[in-house]
Amino acid sequence: MNFSANSQEHAAADTAHEPANAEHGEVAEKDEDISQMILHHIADSHEWHFFGNVSIPLPVILLTDKGLVTFLSNKFGHNDHGTEIIDVAGNQLVNYHGKFYYPSKVKSADGTYISHDGKGELLNGKPLDVSMTKNVVSLLISAIVLLIVFIGIANSYKKREGKAPKGLQSILEPVILFVRDDIAKPQLGHKYTGFMPYLLTIFFFVWLNNLMGLVPFFPGGANLSGNIAVTMMLALCTFVLTTFNGNKNYWGHVFTPHVPWWLYPLIIPVEIIGLFTKPIALMIRLFANITAGHILVLSLISLIFILKSVFVAGVAIPFVLFISVIELVVGFIQAFIFTILSALFISMAIEEKHAEH
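Residues numbered from 1 in each chain as written. Predicted model: local features only at pLDDT ≥ 70, side-chain atom pairs only at ≥ 80, totals over all residues. Heavy atoms only, no water.

Draft legend 1. Looking closely at the overall build of the protein. Check the secondary structure of the protein and you find 8 helices and 8 strands. Classification of the 357 residues of the protein by burial places 34% in the buried group. As displayed, the protein offers around 21600 Å² of accessible surface, 67% of which is attributable to carbon and sulfur atoms. (Helix = DSSP H or I, 4+ residues; strand = E, 2+ residues; numbered from the N terminus. Buried < 20%, exposed > 50% of the residue type's maximum accessible area, 1.4 Å probe, protein only. Areas by Shrake-Rupley, 256 points an atom, 1.4 Å probe, with all protein chains shown as cover.)

Draft legend 2. Inspection of the nonpolar core at higher detail. L188, L199, F203, F204 and L234 are the most contacted members of the largest nonpolar core, which has 39 residues in total. With near-sequence residues (within four places) excluded, L199 lies in contact with V179, A184, L188, T339 and A343. If you look at the next biggest cluster of nonpolar residues, it comprises 9 residues, including F71, V88, L93 and F100. (Core = buried A, V, L, I, M, F, W, Y, C linked by side-chain atoms within 4.5 Å. Contact = heavy atoms within 4.5 Å.)

Draft legend 3. Structural view of the sheet that holds strand β7 (residues 99–101). One open sheet holds the 3 strands; their spatial order is β5-β6-β7, and the pairing between them is antiparallel. Two strands bound the open sheet, and with one partner strand each, they are β5 (81–88) and β7. Each strand of the sheet is rotated relative to its neighbour by a mean of 35 degrees, with strand direction disregarded. By the bridge criterion, 5 bridges tie β5 to strand β6 (residues 91–96) in an arrangement that is antiparallel. Counted as the bridge partner of V88 is N91 from β6. (Pairing = 2+ DSSP bridges. Axes fitted to C-alpha atoms, helices over the stretch in contact; angles between N-to-C directions.)

Draft legend 4. A look at the packing of helix α5 (residues 228–245) against helix α7 (residues 264–307). Here α5 crosses α7 at 145 degrees, and the two axes come no closer than 8 Å. Read as a crossing pair, α5 and α7 show a hand that is right-handed. In this structure, α5 uses I228, T231, M232, L234, A235, T238 and F239 to contact α7, whose residues at the interface are L275, F276, P279, L282, M283, L286 and F287. The residue inventory of the contact of α5 with α7, partitioned by class, reads 12 nonpolar, 2 polar and no charged. (Left-handed = near helix turned anticlockwise from the far one by under 90°. Nonpolar A, V, L, I, M, F, W, Y, C, P; charged D, E, K, R; others polar.)

Draft legend 5. Quick peek at the side chain of N209. As for its placement among the helices and strands, N209 is situated in helix α4 (residues 196–212). On the accessibility criterion, N209 (3% relative accessible area) is buried. Non-local contacts of N209, meaning those with residues more than four positions away in its chain, are made with S138, S142, L224 and S225.

Draft legend 6. Here's a closer look at the pattern of salt bridges. Tallying each qualifying case throughout the model produces 2 salt bridges. Note that D181 is salt-bridged to R180, the shortest N-O span being 2.8 Å. For D181, a relative accessible area of 30% puts it in the partly exposed group. The shortest N-O distance in the salt bridge between K185 and D181 comes to 3.9 Å. Of this pair, K185 and D181 both sit in helix α3 (residues 168–188), 4 residues apart, roughly one helical turn. Residue classification places K185 among the partly exposed residues on the basis of a relative accessible area of 35%. Bridged by salt links that share partners, the residues R180, D181 and K185 form one connected network. (Salt bridge = Lys/Arg side-chain N within 4 Å of Asp/Glu carboxyl O.)

Draft legend 7. View of a nonpolar patch on the surface. Among the surface-exposed residues, M232, M233, L236, V240 and F244 lie close enough to one another that they form a single nonpolar patch of about 500 Å² accessible area. A relative accessible area of 69% means that F244 is categorised as exposed. (Patch = residues over 30% accessible without salt bridge, like charges linked within 9 Å, V, L, I, M, F, W, Y side chains within 5 Å.)

Draft legend 8. A look at the environment of I337. Considering the arrangement of structural elements, one finds I337 in helix α8 (residues 310–350). The partly exposed category is assigned to I337, whose relative accessible area is 24%. Between the alpha carbons of I337 and L282 there is a distance of 8.8 Å; along the sequence they are 55 residues apart.

Draft legend 9. Layout of α5. Between its terminal C-alpha atoms α5 stretches 25 Å, which fits the 26 Å expected from 18 residues at 1.5 Å a residue. By the N-cap criterion, in which a side-chain oxygen at the helix start approaches the backbone nitrogen of a residue two or three places on, α5 is capped by N227, the distance to A229 being 2.9 Å. (Expected span 1.5 Å × (residues − 1). Polar contact = N/O pair within 3.5 Å; in protein donor to acceptor, adjacent residues only side chain to side chain.)

Draft legend 10. The packing of aromatic side chains, seen in detail. Evaluation of the coordinates by the stated rule reveals 14 aromatic pairs. Ring centres 6.5 Å apart and planes at 70 degrees place the aromatic pair Y96 and Y101 in the edge-to-face group. For the pair shown, Y96 and Y101 are each scored as buried. With 5.9 Å between their ring centres and 35 degrees between their planes, F178 and F332 make a pair best called tilted. Of the two residues, F178 sits in helix α3 while F332 sits in helix α8, which places them 154 residues apart along the sequence. (Phe/Tyr/Trp six-rings, centres within 6.5 Å; stacked < 30°, edge-to-face > 60°.)

So this is what it looks like as structure tokens:
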């Protein structure tokens, strides 16, 4: 009797735990889906998504083992789970989370043609992807906009020399003067004119793309400033400009620092490392701040769907609006910080040796 009673009690307990375990599994799966959604929205893509199932396919350009292949991203459907092999000009490929790989010979336990090692790293080879992705198209759009705007403003300055600014020139002139008077002149002194084109370009490029990233629809919505490859190239431009404009005094501080000679083996490596840490700091600062802002906004919106509460929606939506307004300010501040630090690094390279008293 006791054995039977205990068995019934354990069976009842197991039955009670089954819905709880199922519910826990659903919550874990939902959390994973939300995380994937957030990462998908801040990542680059082979299509430009509008809403629902509406999107613009972009050209995929891959340099494979058998040559160059091109096709539109929607040609083989939207399966990016790695469960289907596609054949393109004799090349077998598989789309896994928006990236194309060579498939494994057999399916894995999860039903994909993707293999992982013990640490979870992908083992599949992949072709060189030189596609026109969303970030590439966004970069081209911002470049075209900047060219049109500043060629027009330059022509206005030529035609209206000595006259009051008018139209778009009058709107952007305070910002141009801000870059000149508060960034270039204080950092570069009388040599500022030679570096003004670069500083203006970098400021407006970063600022414009920060603002476009906050717009949820075309031509916005791309996280260009939050792409570390883009911020790396911007920082590399500053690094190259600094390196090639470095004078004798600048390189003297690196290779013959003003310390006792016996400290050279310690100080010189530190100075050389410092040459690279400056652009790395520029790269990571812009990437991290812009990406963090997008993740925060998407996370607040996701809380509504995770908790399914009207109260949460009433709290989350005002916070999203508040954070979005802050992001407008942050977009300008990050453009300012990137530009002023670039000017500072350049000024360190061109600074003349001061007379010692």
